[in-house]
Amino acid sequence: ESPTAQAIAVEMATHGDGIVLDVPERGERAKQADCAWKTHAFYLWATTAYPSARFYAKVEDDSLVFGARLVDALAPLVPIPRVYWGHLMWALSMCFGGNVHPRRSDAGQ
């Protein structure tokens, strides 16, 4: 086991705030697709592990979340079922056979 893997295991055991999902990486050429598959794997895991949660959050290790601002931004969305709020960086539709159809009420603005 690598030193990095050991450090991650200690972090997760100490704080209980991380998970590691078994999603294979296919190299530099597939980086965008790998990112989409990892995101998909996370949401499958999260919705299974916590089916009654109102919100799920996926954050990268180079991100900083301001909790109070996030709560203020999400509060108006509570009554809306199955809403996505965030920044979608990669073209998921390429990875999932075109089955992802994002919709926004302010499309084009």
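About the criteria used
- Once a new chain begins, its residue numbering starts again from 1 and follows that chain's sequence as written.
- Reporting of local features is limited, given that this is a predicted model, to residues whose pLDDT is at least 70; pairs of side-chain atoms are given and counted only at 80 or more, and all residues count toward the totals for whole chains, interfaces and linings.
- Note that the side-chain values use all heavy atoms of the structure and ignore hydrogens as well as water.
- Note on conventions: DSSP H or I runs of at least 4 residues are helices, E runs of at least 2 residues are strands, and numbering of each starts at the N terminus.
- Burial classes: relative accessible area under 20% of the type maximum marks a residue as buried, over 50% as exposed, and values in between as partly exposed (1.4 Å probe, protein chains only).
- In what follows, a contact means two residues having at least one pair of non-hydrogen atoms within 4.5 Å.
- The Shrake-Rupley method, run with a 1.4 Å probe sphere, supplies the accessible areas, and residue values consider only the shown protein chains as cover.
- The span expected for a helix works out to 1.5 Å for each residue beyond the first.
- Any residue with relative accessible area above 30% and no salt bridge may belong to a patch, with like charges joined within 9 Å and the nonpolar Val, Leu, Ile, Met, Phe, Trp and Tyr side chains within 5 Å.
- Any carboxyl oxygen of Asp or Glu that lies within 4 Å of a side-chain nitrogen of Lys or Arg is treated as forming a salt bridge with it.
- What pLDDT conveys is the predictor's confidence in a given residue, as a value from 0 to 100.
- Any Phe, Tyr or Trp ring, taking Trp's six-membered ring, that has another such ring centre within 6.5 Å forms a pair; planes under 30 degrees apart are called stacked, those over 60 apart edge-to-face, and the others tilted.

Summing up its helical and strand segments, the protein chain has four helices and zero strands in all. Tracing the protein chain from N to C terminus, the helices and strands come up as α-α-α-α. Counting only residues that meet the buried cut, the protein chain has 13% of its 109 residues in that class. Sequence-distant contacts, at least 24 apart, represent 30% of the contacts inside the protein chain between residues at least 6 apart. Per element, the accessible surface of the protein chain, about 9,300 Å² overall, is 57% carbon and sulfur.

Under the 1.5 Å per step criterion, the end-to-end length of helix H1 (residues 3–15) is 18 Å for 13 residues, consistent within 8% with the ideal 18 Å. Where H1 ends, the next residue or the one after it, Gly-16, has phi of about 60°, a positive value.

Moving on, we get to a nonpolar patch on the surface. Together, Ile-19, Leu-21, Trp-45 and Tyr-50 make up an exposed nonpolar region whose accessible area comes to about 350 Å². Relative to the helices and strands, Leu-21 resides in the loop between H1 and helix H2 (31–49). For Leu-21, a relative accessible area of 30% gives the class partly exposed.

Okay, the confidence of the model for the protein chain next. Scored by pLDDT, the protein chain comes out at a mean of 77, with 76% of its residues at no less than 70. Per-element confidence in the protein chain ranges from a low mean pLDDT of 52 for helix H4 (residues 92–95) to a high of 91 for helix H3 (residues 67–74).

In this section: the packing of aromatic side chains. Centre-to-centre distance and the angle between the planes together describe a pair of aromatic rings. All chains considered together, the criterion is met by three aromatic pairs. When the ring of Phe-42 is compared with that of Tyr-43, the centres are 4.9 Å apart and the planes differ by 75°; the resulting orientation is edge-to-face. By relative accessible area, Tyr-43 is classed as partly exposed at 28%. Measuring from ring centre to ring centre gives 5.9 Å for Trp-45 and Tyr-50, while their planes differ by 80°; the resulting arrangement is edge-to-face. On the accessibility criterion, Trp-45 (30% relative accessible area) is partly exposed. An aromatic cluster of three or more residues is present, and its members are Phe-42, Tyr-43, Trp-45 and Tyr-50.

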